[in-house]
Amino acid sequence: MDANMHANDPRQHINEEPRNDLFDLMNGFFGMLTFMAVIFFGMVIIKFIAS
């Protein structure tokens, strides 16, 4: 009996989804930048209200 009878070749990439890595990188970068800007301006407004 062959032990490697049902082994999958990793070069086939059967379940791999096509992705645009640059778009994912830019999306994550600008999403985090927007999130941090909202937090920053929120904290500035809270500081002015508290003082």
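All of these numbers come straight from a predicted model, not from anything done at the bench.

Caption draft 1: Layout of the overall build of the protein chain. When its secondary structure is counted, the protein chain shows one helix and zero strands. Among the 51 residues that make up the protein chain, the fraction classed as buried is 0%. Only carbon and sulfur atoms are counted for the fraction: they give 67% of the accessible area of the protein chain, which is about 5,500 Å².

Caption draft 2: Region of interest: the UniProt feature "transmembrane region" (unreviewed entry) in the protein chain. The feature "transmembrane region" (unreviewed entry), as annotated in UniProt, sits at residues 29-50 in this numbering. Helix makes up 100% of residues 29-50 and strand 0%. Its end C-alpha atoms lie 31 Å apart.

Caption draft 3: Here's a closer look at the packing of aromatic side chains. The full count for this structure, using the stated rule, is two aromatic pairs. A centroid spacing of 5.3 Å and a plane angle of 80 degrees characterise the contact between Phe29 and Phe30, whose relative ring orientation is edge-to-face. What makes Phe30 partly exposed here is its relative accessible area of 47%. Ring geometry for Phe40 against Phe41: centres 5.2 Å apart, planes inclined by 70 degrees, an arrangement best described as edge-to-face. The pair formed by Phe40 and Phe41 is uniform in burial state, with each residue classed as exposed.

Caption draft 4: Summary view of a nonpolar patch on the surface. Nonpolar side chains collect at one region of the surface, where Leu22, Leu25, Met26, Phe29, Phe30 and Leu33 lie side by side and expose about 650 Å² of accessible area between them. Along the polypeptide, Phe29 turns up in helix α1 (residues 21-50). A residue is classified by how much of its surface remains accessible, and Phe29, at 53% relative accessible area, is exposed.

Conventions used here
- Position numbers for residues count from 1 along each chain, tracking the sequence in the order it is written.
- Side-chain atom pairs in this predicted model are given and counted only at pLDDT of 80 or more, local residue features only at pLDDT of at least 70, and totals for whole chains, interfaces and linings cover all residues.
- In computing side-chain values, all of the structure's heavy atoms are included and hydrogens and water are not.
- Put simply, DSSP marks the helices as runs of H or I at least four residues long and the strands as runs of E at least two long, and each gets a number from the N terminus on.
- Three labels apply to residues, based on accessible area from a 1.4 Å probe with only protein chains included: buried if under 20% of the type maximum, exposed if over 50%, partly exposed otherwise in between.
- Shrake-Rupley sampling with a 1.4 Å probe provides the accessible areas, and residues are treated as covered by the protein chains on show and by no other component.
- UniProt positions are given in the numbering used here, feature names are shortened, and annotations may be inferred rather than shown by experiment.
- Only Phe, Tyr and Trp rings take part, Trp by its six-membered ring, and two of them pair if their centres are within 6.5 Å. Stacked means planes under 30 degrees apart, edge-to-face means over 60, and tilted covers everything else.
- Only residues whose relative accessible area exceeds 30% and that form no salt bridge are eligible for patches; like-charged ones are grouped when within 9 Å, while nonpolar side chains (Val, Leu, Ile, Met, Phe, Trp, Tyr) are grouped when within 5 Å.
- Every case where a carboxyl oxygen of Asp or Glu lies within 4 Å of a side-chain nitrogen of Lys or Arg is listed as a salt bridge.

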